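Observations on the model geometry
Below are the chains, spelled out letter by letter.
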Amino acid sequence: MTATSVSTSATTAALAKYEPVIGLEVHVQLLTTTKAFCGCLTRFGSAPNTQICPTCLGLPGALPVLNKRAVEFAVLASTALNCEVRTRSVFARKNYFYPDSPKGYQISQYDQPLAEHGWIEVPSENGPKKIGITRLHMEEDAGKSLHEGFPDSATKSYVDLNRCGTPLVEIVSEPDIRTPDEAYEYLTRLKEIMLYTGVSDCNMEEGSLRCDANVSVRPRGQEKFGTKAEVKNVNSFRFIRSALEYEIERQVEVLESGGRVVQETRSWNAAEGRTFSMRSKEEAHDYRYFPEPDLPPLMVSDAWKREILTAMPELPEARRARMVREYEISEQDAQSLTATREFADTFEAAAKRAKSPRRVANLVQSELMGRLRAAGLELEQSPVTMDGVVLAADLAEEGKLSSKQWKQIFDVAFEKGEDFGVVYEREKPQQISDTATLEKMIDEVIAANPKQVEQYRGGKKTVAAFFVGQVMRASKGQANPALLNELVVKKLDA
Ligand SMILES: [Zn+2]
């Protein structure tokens, strides 16, 4: 996108003089079957106002009962984010009127949240950096106002209350983030941890993960924070990066032209690539928080916490480190192989039954993923199964297939929608494994390259690879690689 690249270079100029200070508030919907304080389903996409009851509508006399599963998910998420879970936390009423919240208040947590003092480590320009997490608290979601899509939408709005009372956690970061890239990394890791722990599906299109950003700028070297703006309604991580770039630039421009940044809430407009003012601080709510009288304090005993944490999976960072060690793969490979927990599980299951896990990693990266992307397919839709990849890796490892040959088989497999093994069995490549034939080809290459022979015999043993490559080329990729290697060295040492 042109707009993004222009704004990126302008941001670079702005960043020379000013330092951005960014804090993120992320709302994550917990993956419970039922709501936070009643038995209504949380299913997405049902007919409007079919998953509601007196409790989530806040009708008089209805009393909330806390969903145990929601607490378990919140404790799991807190711990995975390195937070300390408080033994005692308190629900509070956040009072405000809005048509999508018929109760007139939201049950949230205020001065005694479930968890505090966590962090997420992100890569930054100066190496790994810990972004602090101030708090993680539990709360309920509101409904949804529908302003479009009805015949009378020009004059009327409708409301769907199905989402009222759906359990959320709000994760508030410290103002530790200094660049839009760090914000992007923080969110990527946060989402990954939520997915790995299974507490949320983090589906941004369905609103399961929502992010607001607080951003201000200050002259470099100044300790005091500048006036912040809150950017809302950003529904993808890429847009958050763009919105932050835009907002930083805007604030720097205001300051550079002698103006003053106004504390306000701004909304991101993706189509126009800019933020615009929604409301100023003067219009901000006073929520008149007070402890929720219908719910007792939430007590999480050490015993319960221990029980909950037995469900803690190996987290992405730890898993990557182990995979690098165990399979001797690169950090970068480990990064992409652990993009999701399911993908990492699939890879590891395959790696464990292959002769060389490293080869499986390489083939997945070099042959499988690129072709899937090009064809617009998910891993589950791949014509080449993981069994096919393992077969390819084993054949390669045993020297029965050259890179040229396995590439050809992958090509045919994707072209015809067949598995690797099927194509291999049918079109088993001609392989020259006849010693005499190979020796004759090696002799020719040796005769044609006296200089390299001299180098080899002068002690530069790596030149052997040159001869292997030349013979492989002459054989149109059909020479048995293992045998060829052996014979080349034998000939050169003779
Ligand atoms: Zn309900």
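Scoring rules and cut-offs
- The numbers attached to residues start from 1 for each chain and follow its sequence in the written order.
- Whole-chain, interface and lining totals are the exception, using all residues; otherwise, since this is a predicted model, local features are given only for residues with pLDDT of at least 70 and side-chain atom pairs are given and counted only at 80 or more.
- Processing note: side-chain calculations cover all non-hydrogen atoms of the structure and skip hydrogens and water entirely.
- The pairing criterion is simple: DSSP has to find at least two bridges between the two strands.
- Only DSSP runs of H or I with at least four residues qualify as helices, and only runs of E with at least two residues qualify as strands; both kinds are numbered from the N terminus onward.
- For this analysis, a salt bridge means a side-chain nitrogen from Lys or Arg found within 4 Å of a carboxyl oxygen belonging to Asp or Glu.
- Exposed residues in this analysis have more than 50% of their type's maximum accessible area, buried residues have under 20%, and partly exposed residues fall in between, with area computed by a 1.4 Å probe over protein chains only.
- What fixes the domain bounds is an automatic or database domain assignment.
- In what follows, residue pairs with any heavy atoms lying within 4.5 Å of each other are defined as contacts.
- Two parts lose some accessible area (1.4 Å probe) when they are put together, and adding that loss for both gives the buried area.
- To estimate how far a helix should reach, multiply one less than its number of residues by 1.5 Å.
- Regarding the arc, it is the one traced by the directions from the helix axis to the C-beta atoms.
- Two N or O atoms form a polar contact when they lie within 3.5 Å of each other; inside protein one atom must be a possible hydrogen donor and the other a possible acceptor, and for residues adjacent in sequence the pair counts only when both atoms belong to side chains.
- Each metal's donors comprise the N, O and S atoms found within 2.8 Å of it (within 3.2 Å for Na, K or Ca). Water is not part of the atom list, so some coordination spheres may appear incomplete.
- Site shape is set this way: if four donors have all angles between 85 and 135 degrees, tetrahedral; if opposite donors are over 155 degrees apart and all others between 65 and 115, square planar for four donors and octahedral for six; otherwise irregular.
- Here the axes come from fitting lines to C-alpha atoms, over the contacting stretch only for helices, and the angles between their N-to-C directions go from 0 to 180 degrees.
- Between 65 and 115 degrees an angle is taken as roughly perpendicular, under 35 as roughly parallel, over 145 as roughly antiparallel, and anywhere else as oblique.
- It is the rotation of the near helix from the far one that decides the hand of a crossing: anticlockwise by less than a right angle makes it left-handed, clockwise makes it right-handed.
- Side-chain classes are defined by residue name, with Ala, Val, Leu, Ile, Met, Phe, Trp, Tyr, Cys and Pro counting as nonpolar, Asp, Glu, Lys and Arg as charged, and the others, Gly among them, as polar.

**Some remarks on the sheet that holds strand 15 (residues 290–291)**
An order of 5-4-15 is seen for the three strands of this open sheet, with the pairing classed as antiparallel. Strands with a single pairing partner mark the edges of an open sheet, and in this sheet they are strand 5 (105–109) and strand 15. As paired elements, strand 4 (residues 91–95) and strand 15 share two bridges and run antiparallel to each other. Bridge pairing links Ala92 to Pro291 in strand 15.

**Considering the pattern of salt bridges**
Close approach of charged atoms allows side chains with opposite charge to pair. According to the stated counting rule, one finds 43 salt bridges in the structure shown. Put simply, Glu397 and Arg359 hold a salt bridge, and the shortest N to O gap is 2.5 Å. Pair noted here: Glu397 is in helix 11 (residues 386–397) and Arg359 is in helix 10 (residues 357–375), with a separation of 38 residues, a long-range link. Assessed through its relative accessible area of 27%, Arg359 is described here as partly exposed. With a closest N to O distance of 3.9 Å, Asp493 and Lys461 form a salt bridge. Highlighted residues: Asp493 in helix 17 (residues 481–493) and Lys461 in the loop between helix 15 (450–457) and helix 16 (464–474), separated in sequence by 32 residues. Ionic contacts of the salt-bridge type, sharing partners, join the residues Glu314, Arg319, Arg322, Glu326, Asp345, Glu348 and Lys352 into one network.

**Comments concerning the pairing of strand 12 (residues 229–234)**
The element strand 12 is extensively covered by neighbouring structure, given that five of its six residues are classed as buried. Pairing of strand 11 (residues 209–219) with strand 12, which is carried by four bridges, proceeds in the antiparallel orientation. In the sheet register, Val215 faces strand 12, and the bridge partner there is Ala229. Taken together, the four bridges between strand 12 and strand 13 (residues 264–269) define a ladder with parallel strand orientation. Each residue of the ladder has a partner; that of Val231, found in strand 13, is Arg266.

**Quick notes on the domain arrangement of the chain**
Partitioning the chain into domains gives domain 1 (12–303), domain 2 (316–427) and domain 3 (435–493). Between the C-alpha centres of domain 1 and domain 2 the distance comes to 38 Å. Between domain 1 and domain 2, the residue contacts involve four residues of the former and ten residues of the latter. Between domain 1 and domain 2, the buried area comes to about 620 Å², and carbon and sulfur atoms account for 45% of it. Applying the counting rule to domain 1 against domain 2 returns two salt bridges. Put simply, Glu192 and Arg320 hold a salt bridge, and the shortest N to O gap is 3.1 Å.

**Quick notes on helix 17**
For helix 17, with 13 residues, the first-to-last C-alpha span of 18 Å sits near the 18 Å given by 1.5 Å per residue. Along helix 17, the residues that are buried comprise Pro481, Leu483, Leu484, Leu487, Val488 and Leu492. The arc that holds every buried residue of helix 17, seen down its axis, measures 150°, which confines them to one face. Elements that come into contact with the buried residues of helix 17 comprise helix 14 (435–448), helix 15 and helix 16. The distance from a side-chain oxygen at the start of helix 17 to the backbone nitrogen of Ala482 is 3.0 Å, and the residue carrying that oxygen is Asn480.

**What about the pairing of strand 10 (residues 167–173)?**
As a general feature of sheets, a regular strand has side chains that alternate between the two faces. Within strand 10, seven of the seven residues are buried, which leaves the element mostly enclosed by the surrounding structure. Side chains of strand 10 alternate between two faces, with Pro167, Val169, Ile171 and Ser173 and Leu168, Glu170 and Val172 buried alike. Bridging between strand 1 (residues 18–29) and strand 10 involves five bridges; their strand directions are antiparallel. Across the sheet, residue Glu25 finds its bridge partner in strand 10, namely Val172. Here strand 7 (residues 127–140) pairs with strand 10 via seven bridges, running antiparallel.

**Brief notes about the coordination of the zinc ion**
Summarising the metal site, the zinc ion is bound by the protein donors Cys38 (SG), Cys40 (SG), Cys53 (SG) and Cys56 (SG), whose distances to it range over 2.3 to 2.4 Å. Geometry at the zinc ion is tetrahedral, judged from the four donor atoms that bind it and their angles of 100 to 113° at the metal. Read N to C, the donor residues that coordinate the zinc ion are spaced as C-x1-C-x12-C-x2-C. Residue Cys40 is found in the loop between strand 1 and helix 2 (54–57), and its partner Cys56 is found in helix 2; the two are separated by 16 residues along the sequence.

**Points about the sheet that holds strand 2 (residues 84–85)**
Spatially, 2-6-7-10-1-11-12-13-14 is the arrangement adopted by the nine strands of the open sheet, whose pairing is mixed. Two strands bound the open sheet, and with one partner strand each, they are strand 2 and strand 14 (274–280).

**Observations regarding helix 12 (residues 403–416)**
Given a rise of 1.5 Å per residue, 14 residues ought to cover 20 Å, and the 20 Å separating the end C-alpha atoms of helix 12 matches this to within 8%. Of the positions making up helix 12, those classed as buried are Gln405, Trp406, Ile409, Phe410, Val412, Ala413 and Phe414. Buried residues along helix 12 sit in contact with helix 10, helix 11 and helix 13 (420–426). One or two positions beyond helix 12, positive phi appears at Gly417, with a value near 70°.

**Topic: the packing of helix 9 (residues 341–353) against helix 10**
Remark: helix 9 packs on helix 10, axes separated minimally by 9 Å, with the N-to-C direction vectors making an angle of 130°. It follows that helix 9 is oblique to helix 10 by the angle criterion. Where helix 9 crosses over helix 10, the handedness of that crossing is right-handed. The residues of helix 10 that touch helix 9, namely those facing Phe343, Phe347, Ala350 and Ala351, are Pro357, Val360, Ala361, Val364 and Met369. Per-class residue counts for the contact of helix 9 with helix 10 are nine nonpolar, no polar and no charged.

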